[in-house]
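Residues per chain, in single letters:
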Amino acid sequence: MTIPIDDMAAFCKKKGLVYNTADMYGGLAGFFDYGPFGVEIKNKLKAAWWSYWVQSREDIVGIDGAIITNPSVWKASGHTENFCDQMLVCSKCAAKQRADAFIEEQTGKNLEGASAEELNSLVAENKLVCPACKSSFKEVKDFNLMFSTSIGAAGGDDAYLRPETAQLIFANFKLIQEHARLKPPFGVAQIGKAFRNEISPRNFLFRCREFEQMEIEYFINPTIQTCPYYAELENTHFYLLDAAAQEEGTENILELTAKEAVEKKIMHEWHAYFLAANISWFASLGVRPENFRIREHMKQELAHYSSACFDLEYKFPFGYKELLGVADRGTYDLGRHQEHAKKDLMIYDDDTKEKYLPVVIAEPSLGVDRSFLVFLYEAYDDDKERGNIVLHLHPRLAPITVSVFPLTNKLAGKARELYKALKHSFAVSYDASGSVGRRYARADELGTPFCITVDFEEDGCVTVRDRDTTKQERVKIEALTSYLRKKIEG
Ligand code: ATP
């Protein structure tokens, strides 16, 4: 079941998952603090991503770049000049709106990639006014989203908080490639914070000013375009909104396999592979694939250097919205850094004895905070029969895996002993307050998949209750660890 985003934010606050930053001072728009249980989910989701994309593969390595880097990086990448959204400013009260998002909301039109002229004429045609004071808007203007700061004592050098993780991969490309002894095709991954001075942060964690990205830059030799991993996932089912449908102003969804999308030349193998692999990663952690839609970018949305881009969108209560972008970036980034830093970033191919600049065939870039929201939406269930909310989180993502209860306080010693023993292997909590029913409800609301009740029986067993089925099983204490491990791995 789905709930409005404001209710999800209230639930997250109530359960210690996410707070407005410095809530006691009234928060700060677009910034959030993860609480004791939220940080566990977030860390586990990042660990699951890292394990899937980096640790279990031979062709992808990771880095952890600086948040503030040499500003020349942003000059070379084009961010200093072009990393802008168009802004509408009220002529009377000066309230600001992100132009495309605001006009889209008011008119229902898809304005991805719309020019300033188009936006201005839509404001005029639809007589759009400031939602705060009903006055007219000034003409749209560009607003650079990078947060600037200065380094060193007064009068120090200007710098920026990074607006994306990708550029640190490009700026370190040669070092990474040499040290990890990589030969295309290979990828470099990074998980880390990014900062954007969003004009209208909204929808809770969906659009924040400080967020995290899980990003891969995937490099190939441009003469070898085939993807060796694609066949493994070619039967993945896609719900696809292609560029043609959007250009006709419809939302007709094509249902087809990854293989059919490639055969119809809608996308190349690498894009099909990365989209399928992301759907499959989410599905392995309990997200229903039918809640995703792939949206092909229309020509006008593509950057001049990009030949294709696909968004993986999720059906949020406020509509299908981007969770991940998979872009083809050609040689743009390495080319720009090569030119600006005057350093050779070409790779020598031992087989052909030729030098070439690798092509970024895919840049899958996924938001951590948006993924966190997806997992919560998939898990959230207001169970009327039980009379409480149940978070059906995958056991690998649940903040607490096992909660141990003594049936009565007389059993506290035995129960605490078990709690301490399990703590070596799992995230465990100990709960002795209120009735067992109340304790089950508390555990359900945090998504704890297993509750163990220690009772007076002398058979060396405890009762394990499954969050999703509410079924109870007697399990030997000495077999508990392997029993739980098996359940978690599914
Ligand atoms: P949008 O169109 O929603 O502004 P974008 O296309 O600018 O997103 P990218 O630059 O492709 O986003 O960033 C990659 C990913 O980082 C996005 O798919 C999203 O998951 C995440 N992301 C981007 N901006 C934000 C934000 N302001 N708050 C939370 N996550 C974000």
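A short tour of the structure in this document, coming up. Quick caveat, the model's predicted, so the values are computed rather than measured.

Thoughts on the overall build of the protein chain
A tally of helices and strands in the protein chain yields 17 helices and 25 strands. Over its C-alpha trace the protein chain gives a radius of gyration of 25 Å, about what one expects of a compact globule, namely 23 Å for 490 residues. Each of the three principal axes of the protein chain carries a C-alpha extent, and together these read 75 × 65 × 55 Å. Per-residue burial for the protein chain yields a buried fraction of 53% across its 490 residues. Contacts in the protein chain between residues far apart in sequence, at least 24 positions, make up 66% of those at least 6 positions apart. Carbon and sulfur atoms make up 49% of the accessible area of the protein chain, which amounts to about 23000 Å² in all.

Comments concerning the sheet that holds strand β5 (residues 96–98)
Pairing within the open sheet is antiparallel, and its three strands lie in the order β5-β4-β6. At either end of the open sheet lies a strand with only one pairing partner, and these are β5 and β6 (141–144). Averaged over all pairs of adjacent strands, the angle between strand axes in this sheet comes to 50°, irrespective of strand direction. Two elements, strand β4 (residues 84–89) and β5, share three bridges in a ladder whose sense is antiparallel. Each bridged residue has a counterpart across the sheet, and for Val89 the counterpart in β5 is Lys96. Along the sheet, helix α5 (residues 99–107) contacts β4 and β5; its crossing angle with β5, the most-contacted strand, is approximately 80°.

Observations regarding the sheet that holds strand β22 (residues 428–430)
Reading across the sheet, the five strands line up as β22-β21-β23-β24-β25 and stay open at both edges, with mixed pairing between neighbours. Each edge of the open sheet carries a strand with a single partner, namely β22 and β25 (472–476). Taking the axes of each pair of neighbouring strands and ignoring which way they run, one obtains an average angle of 30° across the sheet. Bridge count between strand β21 (residues 402–406) and β22: three bridges; the pairing is parallel. Opposite Ser403, over in β22, you have Ser429 as the bridge partner.

Quick look at the environment of Ile220
With respect to the element layout, Ile220 can be found in strand β10 (residues 210–220). On the accessibility criterion, Ile220 (1% relative accessible area) is buried. When the C-alpha atoms of Ile220 and Thr236 are compared, they prove to be 23 Å apart, with 16 residues separating the residues in sequence. What Ile220 contacts, discounting residues up to four positions off in sequence, is Pro184, Pro185, Gln225, Trp270, Tyr356, Pro358, Val359 and Ile361.

Observations regarding the pairing of β4
Along β4, five of the six residues are buried, which leaves the element largely enclosed by surrounding structure. Two elements, β4 and β6, share four bridges in a ladder whose sense is antiparallel. In the sheet register, Gln86 faces β6, and the bridge partner there is Asp142. In this structure, the hairpin formed by β4 and β5 is closed by a connection of six residues, where Ala94 is found at a positive phi of approximately 65°.

A few points about the site of the ligand
Contacts to the ligand come from 16 residues, most closely from Glu198, Arg207, Cys208, Glu322 and Leu323. Between Arg207 and the ligand, the recorded distance is 2.9 Å, taken from a side-chain N or O atom to an oxygen atom. In the model, a nitrogen atom of the ligand is placed 2.8 Å from a nitrogen or oxygen of the Cys208 main chain. Summarising the interface, the protein chains cover 83% of the accessible area of the ligand, which totals 590 Å² for the free molecule. It is strand β15 (residues 319–327) that contributes the most residues to the shell around the ligand, four residues altogether.

Each value, and the rule that gives it
- Residues numbered from 1 in each chain as written.
- Predicted model: local features only at pLDDT ≥ 70, side-chain atom pairs only at ≥ 80, totals over all residues.
- Heavy atoms only, no water.
- Helix = DSSP H or I, 4+ residues; strand = E, 2+ residues; numbered from the N terminus.
- Rg over C-alpha atoms; globule rule 2.2 N^0.38 Å.
- Buried < 20%, exposed > 50% of the residue type's maximum accessible area, 1.4 Å probe, protein only.
- Contact = heavy atoms within 4.5 Å.
- Areas by Shrake-Rupley, 256 points an atom, 1.4 Å probe, with all protein chains shown as cover.
- Pairing = 2+ DSSP bridges.
- Axes fitted to C-alpha atoms, helices over the stretch in contact; angles between N-to-C directions.
- Near = heavy atom within 4 Å.
- Polar contact = N/O pair within 3.5 Å; in protein donor to acceptor, adjacent residues only side chain to side chain.

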